Amino acid sequence: MRRARREAEVAEVIVDRVACTAHGVCAVMSDGAVELDEFGYPIQSRLTLPPEEARVLVEACPARALLFRRPT
Ligand code: SF4
């Protein structure tokens, strides 16, 4: 039970580097969790965030380049 609760408290956001078009919205909305390279692409390929924050970030990406995933 405790393990299930802990798993529910985090989610992963995966960056699809092919789909990303360097809008930079994720960096603005993540409050510093996403850092961009010199061309505007996220440096990180995945983030671990609370599920609510992860969902907001995924829905904000105009290129649909962020994928929501619960850790297995
Ligand atoms: S908001 Fe989406 S398209 Fe823009 S930099 Fe982030 S992942 Fe890429």
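Computed from a predicted model, the values in this text were never measured in an experiment.

A. Here's a closer look at the environment of Thr 48. Among the structural elements, Thr 48 can be located in strand S2 (residues 46-49). Residue classification places Thr 48 among the exposed positions, given a relative accessible area of 53%. In the structure, Thr 48 is positioned 15 residues away from Ala 33 in sequence and 9.3 Å away in space, judged by C-alpha atoms. Among residues more than four places away in sequence, those in contact with Thr 48 are Val 10, Ala 11 and Glu 12.

B. Just the side chain of Gln 44, in detail. As for its placement among the helices and strands, Gln 44 is situated in the loop between helix H2 (25-29) and S2. At 3.0 Å, the side chain of Gln 44 and the backbone nitrogen of Glu 35 are in polar contact. Setting aside its immediate chain neighbours within four residues, Gln 44 contacts Val 15, Arg 17, Ala 33, Val 34 and Glu 35.

C. Structural detail: the packing of aromatic side chains. Applying the stated criterion across every chain, the model contains zero aromatic pairs. When the ring centre of Phe 68 is taken as origin, the NZ or CZ atom of Arg 55, which lies over that ring, is 4.1 Å away.

D. Seen up close, unusual backbone geometry. Phi is positive for Ala 22, close to 65 degrees, though the residue is something other than glycine. Residue position: Ala 22 is located in the loop between strand S1 (11-15) and H2. Residues other than glycine seldom take positive phi values, yet Arg 64 does so here, at roughly 55 degrees. Relative to the assigned elements, Arg 64 resides in the loop between helix H3 (51-60) and strand S3 (66-69).

E. Expanded view of the pattern of salt bridges. What the rule picks out here adds up to two salt bridges. Here Glu 12 and Arg 46 are joined by a salt bridge, their closest N and O atoms 3.5 Å apart. Remark: Arg 46 occurs in strand S2 and Glu 12 occurs in strand S1; sequence separation between them is 34 residues. Of the charged contacts in the structure, one is a salt bridge between Arg 69 and Glu 12, with a shortest N-O distance of 2.8 Å. Remark: Glu 12 occurs in strand S1 and Arg 69 occurs in strand S3; sequence separation between them is 57 residues. Where salt bridges share partners, they join Glu 12, Arg 46 and Arg 69 into one cluster.

Criteria and cut-off values
The residue numbering used here restarts from 1 in each chain and proceeds along that chain's sequence as written. Per-residue local features of the predicted model are confined to residues with pLDDT of at least 70, and side-chain atom pairs are confined, for both listing and counting, to 80 or more; whole-chain, interface and lining totals are unaffected and use all residues. Hydrogens and water are ignored here; the side-chain numbers use all heavy atoms of the structure. We count a stretch as a helix when DSSP gives it H or I for four or more residues in a row; a strand needs E for two or more, and each element gets its number in order from the N terminus. Between buried and exposed lies partly exposed: a residue is buried under 20% and exposed over 50% of the maximum accessible area for its type, with that area taken using a 1.4 Å probe on protein chains only. In what follows, a contact means two residues having at least one pair of non-hydrogen atoms within 4.5 Å. Polar contacts, as used here, are pairs of N or O atoms within 3.5 Å; protein pairs need one atom able to donate a hydrogen and one able to accept it. Residues neighboring in sequence count only if both atoms are side-chain atoms. To pair, rings of Phe, Tyr and Trp, with the six-membered ring standing in for Trp, must have centres within 6.5 Å; the planes then decide the type, stacked if under 30 degrees apart, edge-to-face if over 60, and tilted in the middle. Look at NZ for Lys and CZ for Arg. If either is within 6 Å of the ring centre and within 35 degrees of the ring normal, a charge sits over the ring. We count a salt bridge whenever a side-chain nitrogen from Lys or Arg sits within 4 Å of a carboxyl oxygen from Asp or Glu.

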